[in-house]
Amino acid sequence: MTTTLTRPSSSEAAPRRAVLALARMESARLLRHPVTVAATLLLAVSWVSSWFTIATTRYPVLQELDRDSAMGMMVLLGGAALVTGNLAVLRTHRDGTTGLSQVLILPDHARTLAHLLALLPLTAIGAVLIAARMALLALLAPAAGRPDPYELAAGPAAVLLLGALGVLLGRLTRSAVAAPLALLVLLAALVALEPITNGGGTALWLAPQGGAALEMPVPASLMARPAGPHLAYLLGLAGLLATAAVLRAGARGARVTVAGALALACAVAGGTAQLSSPGRDVAAARASVMKHPSQHETCRELGNVTYCAFEGFGAWIPAWDTVVRAVVARVPAPARTARLTVRQRIAVPAFDSASRPGQLLDAWRADDAAAGTPGAVGVGTHWGDGAAAADLAAQVAYRLVTGNRVGDTVEASQADRDGTVVCGGRGVLVAWLTGQATPSALTGLHHRAEESRGERGGVSFYETHLFPTVHVPAPELAIATQALSRPHADIAARVQQSWPTLTAPDTTAAQTAQLLGVPAPATDTACG
Amino acid sequence: MTTVQAEGLSLRFRRTTALEEVSFTLDDGVTGLLGPNGAGKTTLLRILATAIPADAGRLRILGADPRNAAGRLAVRRRLGYLPQNPGFHQHFTAFEFVDYIAILKEIVDGRHDEVRRVLHAVGLDDQRGKKIKALSGGMRQRVGLAAALLDDPALVILDEPTVGLDPEQRLRFRELIADIGEGRTVLLSTHQTEDVATLCRRVIVLNQGRIRFDGEPSELAGMARGRVWTSQARAEGALAGWRTGNGDFHNIGDPPPGARLVEPSIEDGYLTVIDAAALAGRAS
């Protein structure tokens, strides 16, 4: 007589429920693993600290920060998923429980599936973190633009992808070194690929982090990054790795085949679509926005200043106005006759390779004239750091001191190298008005001077990052710096009293120093 | 009630014969498996636990044939197995570890209740929240035993569970195994003849891959009847002999005429059935 199985065998659903139970358990362990906790904290700390250490974070451009956030998430949370997912798969081997584990019921491929499912909560936490960052920035700061949901989702998708890679590596090799090594290789590739493909290369899209950032923020409508196809590509790759992992663990059958085929189709379709160039409409829109910004902006008047900003950047106008008013306030009332217009501009060579700086200046003059705002002062799409504030203050000061438009006194062929050189009393005034505008502008003045030190000295200011528009030579800057270190009220009074002399084209730097009561420089400027 | 029917099981690892023509049956109750190191005990247990297949022979466990996948699955559903070196996930608590094994055994309904039940059965109620790395060796073995008892298995295979335990822990473990043996089949591999004497109603002695004895413990002891004697000096012809606590020598072998024969123990019987070469090796 043989003892037979007296209990009914488990229900059909038992394996599926066991997989889900195992996934829940593995997920809880993965989330509280020290590597995951450390990576999450590091990510949060890096985001919070950027608020305090990177001034531009307080004036975020959300369509730029979405990629930045996704990158940080990929490196930290993705790295954690890769390592911890791999360690979880190797646990049986590492702890020597293979003897027991191999006679338990749940098959290896089901356990592998559970390890893959266990990555989902970490992925979801990544999505919540990235959404929370965007929401907080939008609430706490005068944020510009809007994030791309697909770009944001690329971060959590990369977490899933790297986690699946960790699980697959665990099924391919029992070495616990493989996953950290793979992470190092990925990071090295990330660092190496970025400069190679910088400036519009498409190959970087094949890497998890996606294409390189543009040289400067642009309106969201011009981004035209293939974030959707890239997301599909990442998810397809994650699906392929997951399929390979369960196949390696012994899974067979139609479901696996279908899942693998879907993942492959997703990866190929997304991968192909992301490599295609933006359409002609996008290219035309980009060129138009770059050369004819007035046609794409909304303007707002504050006092007697008109501010024109691209869609989504209107929140920065009060900050611009603070700087502009601080410059205007130091100008005697009779000299404030010109109506000021501050116009936002972009200069991205990749958008129109035919645009040289001189051509762009001409295009902007024509655009201003057509818009009825000749001599508009330009401002870029970065804000929050001192350099941006100094640049705007300098453009406004130049306009008020000289009455000229930026680029008026310089040949187009020189524009990309020199900008407009402002000499004598005018140069001193431009630099002083810039530095006294706000503490941030003073910091920016020093920063810009430091940048110019290794080149021709003095200080150069920019409308956009592409080329300098105003340059103050070293002797004039030295006098302005001296004046900025003196009591502000005294210098401001002297400026008011001597305004006509100081703004006269033939007033020299030495005469200006005398008028302001500061020591004259050892050498006078050579420019005329 | 026969739980295991093995006929002519053989297994070779390259040139080494691990098992050769092993045949036996197992019924309810605790059966001891004795044998020296390398005798093939662990190999036999791993075959019964469906971890490895035999090269030849016929095996039915709980009415299922473990050579095919469905049979293996059926066996595993009713099997409790504590390997020789089970290994533990040190960062798990006792509860988490047993719960983890429960999931891998596809226990889904009332899983946590079942985990609590088996931990209670092995006396680990108060320790279930402790990390395994903080538990003593005896407690870890009990955690392993608890995992083996999940889902009330019909066949429990224990591979040297008392190795490394101190006397008190070993005593506790014996009590547990005695309880487990009620109403189910337990195969206990051990080096400890005392374990067999106190726990088993049947014992199988394995040596060099072959079964050398299969019967009741008293019958194993009986194998040495008339071959065990005491003397005041080391007996020349004894295959094994050692000085006992009272100063006399305890000898096993062919006794000389007039020798003072004594009642043999299971250990004497075990040593007797082991081949002469092995015995001589131990004696030296």
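Residues numbered from 1 in each chain as written. Chains lettered and ligands numbered in written order. Predicted model: local features only at pLDDT ≥ 70, side-chain atom pairs only at ≥ 80, totals over all residues. Heavy atoms only, no water.

S.K.: Whenever I open this one, the sheet that holds strand 7 (residues 468–472) of chain A confuses me. Can you help?
M.R.: Hydrogen bonding along the main chain pairs the strands of a sheet, whether they run parallel or antiparallel. Residues and elements named next belong to chain A. If you walk across this open sheet you meet the three strands as 5-7-6, and the pairing is mixed. Bordering the open sheet on either side are strand 5 (420–421) and strand 6 (459–462), each of which pairs with just one other strand. With four bridges connecting them, strand 6 and strand 7 associate as antiparallel partners. Within the sheet, the bridge partner assigned to Phe461 lies in strand 7 and is Val470. Lying on the sheet, helix 15 (residues 386–402) is in contact with strand 5, strand 6 and strand 7; it crosses strand 6 at an angle near 95°. (Pairing = 2+ DSSP bridges. Helix = DSSP H or I, 4+ residues; strand = E, 2+ residues; numbered from the N terminus. Contact = heavy atoms within 4.5 Å. Axes fitted to C-alpha atoms, helices over the stretch in contact; angles between N-to-C directions.)

S.K.: Is there a simple way to think about the UniProt feature "transmembrane region" (unreviewed entry) in chain A in this case?
M.R.: All names here are of chain A. Within the UniProt annotation, "transmembrane region" (unreviewed entry) is assigned to residues 34–54, 74–92, 113–140, 152–169, 181–207, 227–247 and 254–273. Structurally, residues 152–169 is divided into 100% helix and 0% strand, and its ends, taken at the C-alpha atoms, are 27 Å apart. The annotated region residues 227–247 carries 100% helix and 0% strand content, and the separation between its end C-alpha atoms amounts to 30 Å. (UniProt positions renumbered as here; feature names shortened; annotations may be inferred.)

S.K.: Looking at this model, I keep getting lost on the pairing of strand 3 (residues 340–344) of chain A. Mind explaining?
M.R.: Put simply, side chains in a regular strand alternate between the two faces of the sheet. All names here are of chain A. Burial of strand 3 is extensive: five of the five residues sit out of reach of the surface. Taking every second residue as pointing to the same face, both faces of strand 3 are buried, with Leu340, Val342 and Gln344 on one and Thr341 and Arg343 on the other. Of the strand pairs in this sheet, strand 2 (residues 305–310) and strand 3 are connected by four bridges, and their pairing is parallel. By the bridge assignment, Val305 is partnered in strand 3 with Leu340. In this region the chain leaves strand 2, passes through helix 13 (residues 317–328) and returns to the parallel neighbour strand 3; the handedness of that crossover is left-handed. Two strands pair when backbone bridges link them, and strand 3 and strand 4 (residues 377–379) are joined in this way by three bridges, in the parallel orientation. Across the sheet, the residue bridging to Gln344 is Val379, located in strand 4. (Buried < 20%, exposed > 50% of the residue type's maximum accessible area, 1.4 Å probe, protein only. Right-handed = clockwise from strand over helix to strand, strands pointing away.)

S.K.: Which parts of the structure should I look at to understand the environment of Thr31(B)?
M.R.: All names here are of chain B. Within the secondary structure layout, Thr31 lies in strand 3 (residues 29–34). Residue Thr31 is classed as buried on the basis of its relative accessible area of 3%. Between the C-alpha atoms of Thr31 and Leu187, which are 156 residues apart in sequence, the distance is 4.9 Å. Contacts of Thr31, omitting those with residues within four sequence positions, involve Leu26, Val186, Leu187, Leu188, Cys200, Arg202 and Ile204.

S.K.: How do you make sense of the domain arrangement of chain B when you look at a structure like this?
M.R.: It is common to give the size of an interface as the accessible area lost on bringing the parts into contact. Residue and element names in this part refer to chain B. Annotation of chain B at the domain level lists domain 1 (2–216) and domain 2 (221–283). A C-alpha centroid distance of 32 Å is found between domain 1 and domain 2. Facing the ten residues of domain 1 at the interface are eight residues of domain 2. With both chains or domains summed, domain 1 and domain 2 bury close to 800 Å², and 70% of this area falls on carbon and sulfur atoms. (Domains from an automatic or database assignment. Buried area = accessible area lost by both parts, 1.4 Å probe.)

S.K.: Explain the sheet that holds strand 3 of chain B to me, please; I cannot follow it from the model alone.
M.R.: All names here are of chain B. Overall, mixed pairing links the six strands, which are arranged 5-6-7-3-8-9 in an open sheet. Since the sheet does not close on itself, it has two edges, and those belong to strand 5 (79–82) and strand 9 (210–215), each with one partner. Geometrically, the sheet is characterised by an average inter-axis angle of 15° between neighbouring strands, direction not taken into account. Bridge count between strand 6 (residues 155–159) and strand 7 (residues 185–190): five bridges; the pairing is parallel. The residue bridging Leu155 from the neighbouring strand is Thr185, located in strand 7. Along the sheet face, helix 5 (residues 137–148) touches strand 5 and strand 6 and points at about 165° away from the line of strand 5.

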